[in-house]
Amino acid sequence: FCKHVPHAELGRDMEGRAVVYRRFHAGTRLREMVKLGIDMQKLARYNEWFTERVLESMGHKGQWTMVIDLEGLVMREIDNTALDFLRRVISVDAAHYPERLAKCFIINAPGYLPWIWRIISAWLDTKTRNKISILGGPDDWNHVLAGTLDLQILPKHLGGASVLHERGRGSS
């Protein structure tokens, strides 16, 4: 999972909230994982496990800021398997963590995202949708993120100092 969807808790934003990073990229092939016998239920449960680790690091108090990086994500990877995974994650997060999300930045959004967003946004309540900012490349997101977090906590490929490890942990 870490190879297909790199993720980590990177640190804290300027208000002390956990910063959670997820990357969906050209190597994100959830359908291949399903073919290998890792079903959607297991993928969704792993996401729940990771979310619980973030909550533990926060002392089960407060909110988090999420950065979702779509750099290099190609449209062919947004298939029914990927949409099913996202729907399950959104459903679990809405049921178990309804007020934890403070902000979500979707960065490096490809040009086709508005088409996919119409589907995904229908699964979100209005309050959650209003917490999400969809941004293009670094010229679009750099100054926006800099107003919320120290850009040095981002992964190296985004100009920060964090190194993502197989276990999904960030470090510098």
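Everything below is about the structure shown above.
Read on for an overview of the structure. (Residues numbered from 1 in each chain as written. Predicted model: local features only at pLDDT ≥ 70, side-chain atom pairs only at ≥ 80, totals over all residues. Heavy atoms only, no water.)

**Concerning the nonpolar core**
Move 1: If you look at the biggest cluster of nonpolar residues, it comprises 31 residues, and the most contacted ones within it are V54, W64, M66, I68, L70, C104 and I106.
Move 2: At the level of secondary structure, the elements contributing two or more residues to this core comprise strand 2 (18–23), helix 2 (40–57), strand 3 (64–69), helix 3 (80–96), strand 4 (101–107) and helix 4 (113–121).
Move 3: With 15 residues, the next largest nonpolar core counts A8, Y21, L149 and L154 among its residues. (Core = buried A, V, L, I, M, F, W, Y, C linked by side-chain atoms within 4.5 Å. Buried < 20%, exposed > 50% of the residue type's maximum accessible area, 1.4 Å probe, protein only. Helix = DSSP H or I, 4+ residues; strand = E, 2+ residues; numbered from the N terminus.)

**Digging into the pattern of salt bridges**
A pair can form between side chains of opposite charge whenever their charged atoms are brought close.
Move 1: Taken as a whole and assessed by the stated rule, the structure comprises 10 salt bridges.
Move 2: Ionic pairing is found between E56 and R53, a salt bridge with its closest N-O pair at 2.6 Å. Pair noted here: E56 and R53 are both in helix 2, with a separation of 3 residues, about one helical turn.
Move 3: The network of salt bridges with shared partners includes D13, E15 and R17. (Salt bridge = Lys/Arg side-chain N within 4 Å of Asp/Glu carboxyl O.)

Bear in mind that shape data such as this cannot, by itself, settle questions of function.
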